[in-house]
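# Structural description and commentary
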Amino acid sequence: MSMTISDNMETVYQKPATLTETPMHYCPGCGHGVVHRVLMEVIEEMGIAEQTIGVAPVGCSVFAYHYMNVDMQAAPHGRASAVATGVRRVLPEKYVYSYQGDGDLAAIGTGETIHTVNRGENILMVFVNNGIYGMTGGQMAPTSLCGMVTSTSPYGRDEHVMGHPLKITEMIAQLPGAYYVARHAVHTPTAVRKLKKAFKTSFEMQKQKKGTCFIEVVSNCPSGWKMTPVEANDWMEKNMFPYYPLGDIKVPATMK
Amino acid sequence: MISGTVTIATEICKGCELCIVSCPQDSLGLSPSINHKGFRFAQLVQDNCTGCTNCALVCPDSAITVYRETKSSKRASNPLVASQAA
């Protein structure tokens, strides 16, 4: 099939310059790549790449600093929000975000997460929730759904033994330090556009020093869930979204 | 209908097929051959792309660049294009 680009055509979509040329190591169909790109697009469009500092987590997205062409700092497991607090305190004029997965933010880093939001640190926290520990081989995470089969819950997650899936986003929305809390996804073009808007809003709020903005992205894990990427997105819509409904959870009065 | 096209970085593509299911025109499909990573990659299989950017928005590897025909009114107001036409 010919792919001729005629003279009267203009480029309407391309990879943002704030993403490096390094090919991503993520599995085919993984939502991390989309979240990386959308976050970097917003930073490019706002022209704040030189003033932005990101904090990379431990987990699948541990190499986020290879892909995001902004200043980055790696954090110990679960401590990205604590490191971001330090960066924010030392460099108050910068834009600071942390990027974490569910095993990082909602399991080992629960304490740091809650206290960072409770202090109302003026940062953006990006939380990618795929309900599983992807990097280490698909173990059960606090966010795994009831009945979900993982390598450490081969008969499905039993809530009587293993507890209920943790809705940490709803939890922290209760804290006074949380300014803007929302849950989004990246499985359709519409969802991607909504996420981009949420990131943009968050950085604008950060500029006004409003407090913690927390964006959860419900994502997939085709390898951990043992599905094709297309099946994984369907499964996510049918099973994850009823438990983790998309939309704004805490919105400042000025945005209502 | 406004026409467009895409270019796909075939060595970056991992063949996840998310662009294929997101395409409203069914313009995309998987290649019969594989790239150096061993993946069949996405490619244009029909010449009916409208440049809607859906495929690029859902691509996890940012492998897709989208081009779209500019509207004639926009072209007329663009001095570069107008001088070419003259």
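Just so we're clear, the structure is a prediction, and the values are computed from it rather than from any experiment.

## Looking at the sheet that holds strand E1 (residues 4-8) of chain B
- Spatial strand order, E1(A)-E4(B)-E1(B): three strands in an open sheet with antiparallel pairing. The strands lining the two open edges of the sheet, one partner per strand, are strand E1 (9-13) of chain A together with E1 of chain B. Between one strand and the next, the sheet's axes are offset by a mean angle of 30°, whatever the strand orientation.
- As paired elements, E1(A) and strand E4 (residues 64-69) of chain B share four bridges and run antiparallel to each other. Paired with A:Thr11 across the bridge in E4(B) is B:Tyr67.

## Thoughts on the nonpolar core
- One finds A:Val126, A:Phe214, A:Ile215, A:Val217, B:Cys19, B:Cys55 and B:Ile64 to be the most contacted residues of the largest nonpolar core, which totals 88 residues.
- If you tally residues by element for this core, the top one is helix H1 (residues 31-46) of chain A, at seven residues.
- Beyond its immediate chain neighbours, meaning those up to four positions away, A:Val217 contacts A:Gly31, A:Val35, A:Val126, A:Phe127, A:Val128, A:Asn129, A:His184, A:Ala185, A:Val186 and A:Leu195.

## A short note on H1(A)
Residue and element names in this part refer to chain A.
- For H1, which comprises 16 residues, the first-to-last C-alpha distance of 23 Å matches the rise-based estimate of 22 Å (1.5 Å per residue) to within 8%.
- With respect to burial, H1 is a largely interior element, 13 of its 16 residues being buried.
- Glycine 47, located one to two residues past H1, shows a positive phi value of around 65°.

## Comments concerning the interface of chain B and chain A
- Facing 32 residues of chain B, the contacting portion of chain A comprises 28 residues.
- Of all the secondary-structure elements, those providing two or more residues to the side of chain B that touches chain A are E1, helix H1 (18-22), strand E3 (40-44), helix H2 (54-58) and E4 of chain B.
- When residues in the side of chain B that touches chain A are grouped by element, the largest group, five residues, is from E4(B).
- Tallied by class, the residues present in the side of chain B that touches chain A amount to 13 nonpolar, twelve polar and seven charged.

## Side note on the packing of helix H3 (residues 80-90) of chain A against helix H5 (residues 110-118) of chain A
- Two numbers describe how H3(A) lies on H5(A): the axes approach to 8 Å, and their chain directions differ by 40°. Across the interface between the two elements, A:Ser81, A:Ala82 and A:Thr85 of H3(A) pack against A:Glu112, A:Thr113 and A:Thr116 of H5(A).

## Some remarks on the confidence of the model for chain B
- When pLDDT is averaged across chain B, the result is 87; 83% of the residues are at 70 or more.
- Model confidence for the complex: the whole-complex pTM is 0.93, and ipTM, which rates the interface, is 0.91.

## Things to note about H5(A)
Residues and elements named next belong to chain A.
- Listing the buried residues of H5 in full gives Glu112, Thr113, Thr116 and Val117. Down the axis of H5, the smallest arc covering the buried residues is 120°, so these residues share one side.
- In this structure, the buried side of H5 is in contact with H3, helix H4 (102-108), helix H7 (168-173), strand E8 (178-185) and strand E9 (212-218).
- One or two steps after H5, the chain reaches glycine 120, where phi turns positive at roughly 65°.

## A short note on unusual backbone geometry
- Within the chain, A:Lys226 stands out as a residue other than glycine whose phi angle is a positive 60°.
- Within the secondary structure, A:Lys226 sits in the loop between helix H9 (222-225) and helix H10 (229-243).
- A positive phi angle, close to 55°, is found at B:Asp26, a residue other than glycine.
- Secondary-structure assignment places B:Asp26 in the loop between H1 and strand E2 (28-34).

## Some words on the pairing of strand E2 (residues 52-56) of chain A
Residue and element names in this part refer to chain A.
- Among the five residues of E2, five are classified as buried, and the element is accordingly described as predominantly covered.
- Alternating residues of E2 divide into Thr52, Gly54 and Ala56 and Ile53 and Val55, and every residue in both groups is buried.
- Two strands pair when backbone bridges link them, and E2 and strand E4 (residues 95-101) are joined in this way by four bridges, in the parallel orientation. Its bridge partner lying in E4, threonine 52 is registered against tyrosine 95.
- Bridge count for E2 against strand E3 (residues 71-74) is four bridges, and the pairing is parallel. Paired with glycine 54 across the strands is methionine 72, a residue of E3.

## Quick look at the packing of H1(A) against helix H8 (residues 189-207) of chain A
Residues and elements named next belong to chain A.
- Two numbers describe how H1 lies on H8: the axes approach to 9 Å, and their chain directions differ by 50°. Here H8 runs oblique to H1, going by the angle between their axes. Like other packed secondary-structure pairs, H1 and H8 cross with a definite hand, here right-handed. Of the residues in H8, those touching H1 at Val34, Val38, Leu39, Glu41, Val42 and Met46 are Val192, Leu195, Lys196, Phe199, Lys200 and Phe203.

Rules used in this analysis
- Residues numbered from 1 in each chain as written.
- Chains lettered and ligands numbered in written order.
- Predicted model: local features only at pLDDT ≥ 70, side-chain atom pairs only at ≥ 80, totals over all residues.
- Pairing = 2+ DSSP bridges.
- Helix = DSSP H or I, 4+ residues; strand = E, 2+ residues; numbered from the N terminus.
- Axes fitted to C-alpha atoms, helices over the stretch in contact; angles between N-to-C directions.
- Core = buried A, V, L, I, M, F, W, Y, C linked by C-beta atoms within 7 Å.
- Buried ≥ 20, exposed ≤ 12 C-beta atoms within 10 Å, placed from the backbone.
- Contact = placed C-beta atoms within 7 Å.
- Expected span 1.5 Å × (residues − 1).
- Nonpolar A, V, L, I, M, F, W, Y, C, P; charged D, E, K, R; others polar.
- pLDDT = per-residue confidence, 0-100.
- Arc of directions from axis to C-beta.
- Parallel < 35°, antiparallel > 145°, perpendicular 65-115°, else oblique.
- Left-handed = near helix turned anticlockwise from the far one by under 90°.

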